[in-house]
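Survey of secondary and tertiary structure
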Amino acid sequence: MGDLERELRDLSAWLETPEPPDVTARVRVRLDRPVRRWRPLAAAALVALLVALVPPTRAAVADAVAGLLRFAGVGIATSSAPTPPAGTPSPLPAQRSAALDEAQRAVRFPIRLPASLGPPEQVLVADPDPSGVCRVATLLYDGGALRVDAFDGRLNLAFHKEVTPPGAEWTQVDGDFAIWVDRPHVLSYVDRAGAVREETARLAASTLIWQDAHVSYRLEGALSKAEALEIARSLR
């Protein structure tokens, strides 16, 4: 598989696209028409355009479809004025505090700690299934102002963000793609049925989102991009 094909397949996993229309009749009409010489040229031009847009300028693709962006279990929608949450946000479903070893037994993925931050002040687990296995583990630092959310990236969406343009910026964590949101934004939890839980909506701080070994991470706090990347790279 070539680099271009691999990049396009990766990109397809991050986009939510509507169901395609039924174009059978139109295709049959066009097949009956004579082949025009400009079509191969148009196809070559399209390939050239994709080559130009795919890395290192992949951010251009993201900006063009930012309203449909889905990455590492997080949906990101751009809005000219995201609706600010009203009142005090509710915690995640069935959220509870747990010791680190207990939290590790409560989830199906390894809980990794950022070496640059040290042991967390508090650990939370949330949204258990009928068997008691939790969907999200959260590490809290600095009185809860700095947090790392970890969840199984192979599951459906777990968080929904509303950001103002330009919204999200592509970056990298250990050579893999990540997303940096450099401003406060509305954050809501998405339950197991795929519904956005409006009661959990809150104003979130700058956030770095990435994925490693099928585990998705959200690092949120009053951090610069460089500080966030340093913390992310220190996970052990």
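To start, this report covers the structure provided alongside it. (Residues numbered from 1 in each chain as written. Predicted model: local features only at pLDDT ≥ 70, side-chain atom pairs only at ≥ 80, totals over all residues. Heavy atoms only, no water.)

Some words on the sheet that holds strand 1 (residues 69-71)
The pairing of strands in a sheet comes from backbone hydrogen bonds and takes either a parallel or an antiparallel form. Basically, it comes down to this: Strands qualify as paired when DSSP identifies two bridges or more between them. Put simply, DSSP marks the helices as runs of H or I at least four residues long and the strands as runs of E at least two long, and each gets a number from the N terminus on. Fitted lines through C-alpha atoms serve as axes, helices being fitted only where they are in contact, and the angles separating the N-to-C directions of these axes extend from 0 to 180 degrees.
What the five strands build is an open sheet, ordered 1-2-7-10-11; its pairing is mixed. The sheet terminates laterally at strand 1 and strand 11 (196-204), the two strands that pair on one side only. Averaged over all pairs of adjacent strands, the angle between their axes in this sheet comes to 25°, without regard to strand direction. Where strand 10 (residues 185-190) meets strand 11, five bridges bridge the pair, whose relative direction is antiparallel. Its bridge partner being in strand 11, Leu 187 is matched across the sheet by Arg 202.

A few points about the nonpolar core
Keep this limit in mind: Only buried Ala, Val, Leu, Ile, Met, Phe, Trp, Tyr and Cys residues count toward a nonpolar core, and they belong to the same one when joined by side-chain atoms within 4.5 Å. The buried label applies to any residue whose accessible area, calculated with a 1.4 Å probe on protein chains only, is under 20% of its type's maximum; exposed applies above 50%, and partly exposed to all values in between. We call two residues in contact when some of their heavy atoms are within 4.5 Å.
With 29 residues, the main nonpolar core has Leu 208, Trp 210 and Leu 219 as its most contacted residues. Sorting the residues of this core by element identifies helix 5 (100-106), strand 4 (122-128), strand 5 (134-141), strand 6 (146-152), strand 9 (176-181), strand 12 (207-212), strand 13 (215-220) and helix 6 (225-233) as the ones contributing at least two each. Excluding residues within four positions of it along the chain, Leu 219 makes contact with Leu 146, Arg 147, Val 148, Ser 206, Thr 207, Leu 208, Trp 210, Ala 228, Ile 231 and Ala 232. The next biggest cluster of nonpolar side chains, apart from the first, holds 20 residues, and it includes Ala 72, Leu 92, Ala 168 and Leu 187.

Some remarks on the environment of Ser 216
Mapped onto the secondary structure, Ser 216 falls in strand 13. On the accessibility criterion, Ser 216 (0% relative accessible area) is buried. Discounting residues that sit within four places of it in the chain, Ser 216 has contacts with Ala 72, Gly 73, Asp 149, Ala 150, Phe 151, Gly 153, Trp 210 and Gln 211.

Structural notes on the pattern of salt bridges
Going by this rule: Each reported salt bridge corresponds to a side-chain nitrogen of Lys or Arg within 4 Å of a carboxyl oxygen of Asp or Glu.
A complete count under the given rule lists 13 salt bridges for this structure. Across the pair Arg 147 and Asp 149 runs a salt bridge, and its minimum N-O distance is 3.1 Å. Note that Arg 183 and Asp 182 form a salt bridge whose closest N and O atoms lie 2.9 Å from each other. For Asp 182, a relative accessible area of 40% gives the class partly exposed.

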